[in-house]
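# Close look at the chain arrangement
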Amino acid sequence: MIWNESKECMSRDEMNHLQSTRLVKQVKNIYHSVESYRKKMQAIGLEPGDIRGIEDLEKLPFTTKDDLRDNYPCGLFAVPRSEIVRIHASSGTTGKATVVGYTRRDIENWEECVARILTMANIGSSDTVQVSYGYGLFTGGLGAHYGAEFLGATVVPLSTGNTKKQLTMMRDLGVTAICCTPSYLMYLAEAIEEQGILNDLVLKSAICGAEPWTENMRREIERRLHIEAHDIYGLSEVMGPGVAGDCQYHTGLHINEDHFLAEIVSAETLKPIPDGETGELVFTTLTKEALPLIRYRTKDLTSITHEKCECGRTTARLSRFKGRSDDMLIIRGVNVFPSQVEAALLDVSEVSPNYLMIVDRVDNLDTLEVQVEVDERFFSDEIKELENLTKKITHVLQQALLIVPKVKLVEPRTLQRSEGKAVRVIDKRKLI
Amino acid sequence: MRMNQISVFIENKEGNLLTVSKILKDNNIDIRTLSLADTSEYGMLRMIVSDEELAKKVLKEAGFPVSITPVIAVRTNNKVGFMHDLLAKIPAEIANIEYMYTLPSDEGSVLILKVANPDKVEAALGQ
């Protein structure tokens, strides 16, 4: 099934034409309503009239997460606050959150995009969809929720955690599809095996996203749960989950190209590179009203193909993600930057800002250990004091990162100094 | 009597305690008594040594967090009930003993007490 054939199966010429029309309109809109982007264009002598179609895209300046930070919280919004109906946020690079907004129309487009991807996963109005992404500022929970509801499915909004309840609901309500992170689904699979309830379930598909995973992990999930697992991609700056997703052929993630214009550029030169070659994914939001972004650098590394898919869709497809061009980590679906840890530790006077993050995956769940050096000036020989210090650091980091790390106090000489290229992160996770 | 105790933070890593004992040996520092408090992540080695200032200097140079803490030393009489009688002398409002251990000596054991208010406790004990 295809949710919206008129948009998902357009000829390349029709899509180019639609994207060009929308790009011209969007550039004019941003130039007139977003001061910081107008200044960027003026700085290089570019006027809205210079952009006549997608062939002129390369002339436009990039937007980065730093632009969102510098204009925190709502400086890049292109509409008055009265038109904003929803706010979401993700982690910024240095403690300040990245705030995003949506108009009524933005939410409708988001629902449409998610509905298309759920349809790719063979989910329809007679399905019962369990949403086990976090609800709140994170886009995962509400994004999947609204899309599934728009599709007409029965939504069970469980959010994250409480595995026992997740499984009880899944069984008792006859849940047929689940939206969650792939690592959490692996964790659920284990719990299902332990309880021996697989045969009581009618689960048939999973839509997994918010963190990188591999083809092998997909097959492993499918084998253990007897379901079909699909990939969904998105980022809050551009919209949230639903920017792209994979169909039953699993040959790349179909981009909702009528809303999001994708480019792959070289991470070094920032020049566009040909189909099939790996580079940084860049998005221009063609229809976003509240927070339109031009050439937003996602820092995600992937490649693109414009070939028609066997499923009948003609939309361009992204290959599986191959990593990041910056140092962002995705831990339990949450974006974490080492710079956030550094900024948070500066608030704790009893420790030095030297730290080491060790990321691992234990029993299919991501773990984060933060090693912090005891500062000699504040060293106490009472274990009670050291334990209080550990608790304080844990709390400060939890506030900054939105996940609970395990804090370990270490001797001062243990960690590398910040001069040169100190290793701040050891990622032991092996994606099976 | 007041004594100076040296405390060393030791991560639970192979060979770490050995490093500390070697440094003390190489500098001819005598360990008169010690207590090792352990958690799952690290240990706290508390010692009464022959020269705590030298011990502090050399262990610090090796990168160990070190502190010198004043503790109260009370000679015991090796009689049943000594500890109870001693502790009972401390008024409840200042009786906050962080930890204690013993130091053997030729004239019998010495109790080492770490308290929050050493002056008040010493006065109460009549030391």
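About the thresholds
Residues numbered from 1 in each chain as written. Chains lettered and ligands numbered in written order. Predicted model: local features only at pLDDT ≥ 70, side-chain atom pairs only at ≥ 80, totals over all residues. Heavy atoms only, no water. Pairing = 2+ DSSP bridges. Helix = DSSP H or I, 4+ residues; strand = E, 2+ residues; numbered from the N terminus. Axes fitted to C-alpha atoms, helices over the stretch in contact; angles between N-to-C directions. Contact = heavy atoms within 4.5 Å. Buried < 20%, exposed > 50% of the residue type's maximum accessible area, 1.4 Å probe, protein only. Phe/Tyr/Trp six-rings, centres within 6.5 Å; stacked < 30°, edge-to-face > 60°. Lys NZ or Arg CZ within 6 Å of the ring centre and 35° of its normal. Buried area = accessible area lost by both parts, 1.4 Å probe. Salt bridge = Lys/Arg side-chain N within 4 Å of Asp/Glu carboxyl O. Polar contact = N/O pair within 3.5 Å; in protein donor to acceptor, adjacent residues only side chain to side chain. Core = buried A, V, L, I, M, F, W, Y, C linked by side-chain atoms within 4.5 Å. Domains from an automatic or database assignment. Nonpolar A, V, L, I, M, F, W, Y, C, P; charged D, E, K, R; others polar.

### Considering the sheet that holds strand S3 (residues 42–49) of chain B
Strand order across the open sheet formed by six strands is S2-S3-S1-S4-S6-S5 (chain B), with antiparallel pairing between neighbours. Of all strands in the sheet, those with a lone pairing partner are strand S2 (31–38) and strand S5 (97–103) of chain B, marking the two edges. Mean inter-strand twist for the sheet, computed between neighbouring axes without regard to direction, equals 30°. Sheet topology note: the strand S1 (residues 2–11) of chain B/S3 of chain B ladder contains six bridges and is antiparallel. Along S3 of chain B, the bridge assignment pairs Val8 of chain B with Leu45 of chain B. The sheet contacts of helix H11 (residues 383–401) of chain A involve S1, S2, S3 and S5 of chain B, and relative to S3 of chain B the element is tilted by about 150°. The strands touched by helix H4 (residues 118–125) of chain B within the sheet are S1, strand S4 (66–75) and strand S6 (110–115) of chain B, with S4 of chain B carrying the most contacts at an inclination of about 10°.

### Comments concerning the side chain of Gln130 of chain A
All names here are of chain A. With respect to the secondary-structure elements, Gln130 resides in strand S3 (residues 128–131). Classification of Gln130 as buried rests on a relative accessible area of 0%. Leave out the neighbours within four places in its chain, and Gln130 touches Val156, Leu158, Gln166, Met170, Val175, Ala177, Ile178 and Cys179.

### Quick notes on the packing of aromatic side chains
A full pass over the atoms with the stated rule returns eight aromatic pairs over all chains. Ring centres of Tyr133 of chain A and Phe138 of chain A lie 6.3 Å apart, and the angle between their planes is 70°; on these two criteria the pair is classed as edge-to-face. Since its relative accessible area comes to 30%, Phe138 of chain A is described here as partly exposed. Both rings, one in Phe9 of chain B and one in Tyr42 of chain B, keep their centres 4.9 Å apart while their planes meet at 35°; by these two values the pair is tilted. Within this pair, whereas Phe9 of chain B is found in strand S1, its partner Tyr42 of chain B is found in strand S3, the two being separated by 33 residues in sequence. Ring pairing ties together the aromatic residues Tyr233, Phe260, Phe283 and Phe321 of chain A, which thus form one cluster. The positively charged end of Arg295 of chain A is found above the aromatic ring belonging to Phe62 of chain A, 4.1 Å away from the centroid. Above the plane of the ring of Tyr355 of chain A lies Arg424 of chain A, whose end atom (NZ or CZ) is 4.8 Å from the centre.

### Considerations on the interface of chain B and chain A
A common way to state how big an interface is: give the accessible area lost once the parts meet. Listed by partner, the interface residues are 25 residues for chain B and 18 residues for chain A. Buried surface at the junction of chain B and chain A, summed over both partners, amounts to about 1,800 Å²; 51% is from carbon and sulfur atoms. Considering only the surface of chain B that becomes buried against chain A, Glu11, Glu41 and Tyr42 of chain B emerge as the three largest contributors, covering 28% of it. Our count for the chain B to chain A interface comes out at five salt bridges. Here Glu98 of chain B and Lys384 of chain A are joined by a salt bridge, their closest N and O atoms 3.2 Å apart. At the boundary of chain B with chain A, the tally comes to nine residue pairs in polar contact (both at pLDDT 80 or more). Going through the elements one at a time, S1, S3, S4 and S5 of chain B are the ones with two or more residues in the side of chain B that touches chain A.

### Some thoughts on the nonpolar core
Soluble globular proteins: nonpolar side chains tend toward being buried together. Residues Leu60, Tyr233, Ile255, Phe283 and Leu318 of chain A are the most contacted members of the largest nonpolar core, which totals 71 residues. The element best represented in this core is helix H5 (residues 104–120) of chain A, accounting for eight residues. Among all residues touching Leu60 of chain A, those that are not within four sequence positions of it are Leu23, Val27, Tyr37, Met41, Leu46, Ile51, Ile294 and Arg295 of chain A. Counting residues in each nonpolar core, the second largest holds 30 residues, with Val341, Val351 and Ile393 of chain A together with Tyr42 of chain B among its members.

### Re the sheet that holds strand S15 (residues 323–324) of chain A
Residues and elements named next belong to chain A. Ordered in space as S10-S11-S12-S15, the four strands form an open sheet in which the pairing is antiparallel. Both outer strands of the open sheet, strand S10 (260–265) and S15, are each paired with one neighbouring strand and no more. Here strand S12 (residues 296–302) runs beside S15; their pairing, made up of two bridges, is antiparallel. Within the sheet, the bridge partner assigned to Leu301 lies in S15 and is Gly323.

### Considerations on the domain arrangement of chain A
Residues and elements named next belong to chain A. What the domain assignment reports for chain A is domain 1 (5–325) and domain 2 (331–427). Taking the mean C-alpha position of each, domain 1 and domain 2 sit 31 Å from one another. Across the domain 1/domain 2 interface, buried area totals approximately 1,200 Å², and carbon plus sulfur atoms make up 52% of it. At the junction of domain 1 and domain 2, the tally comes to zero salt bridges. At the junction of domain 1 and domain 2, the tally comes to one residue pair in polar contact (both at pLDDT 80 or more). The element contributing the most residues to the side of domain 1 that touches domain 2 is helix H8 (residues 182–195), with five residues. Class assignment for the residues of the side of domain 1 that touches domain 2 results in six nonpolar, seven polar and three charged.

### Let's talk about unusual backbone geometry
All names here are of chain A. Between Tyr72 and the following residue, Pro73, the backbone shows a cis peptide bond with an omega angle of -10°. Turning to its location among the elements, Pro73 is positioned in the loop between helix H4 (65–70) and strand S1 (84–90). At Arg295, a residue that is not glycine, the phi angle is positive and equals roughly 50°. Along the chain, the position of Arg295 falls in the loop between strand S11 (279–285) and S12. Looking at Arg295, the relative accessible area reads 2%, which means it is buried.

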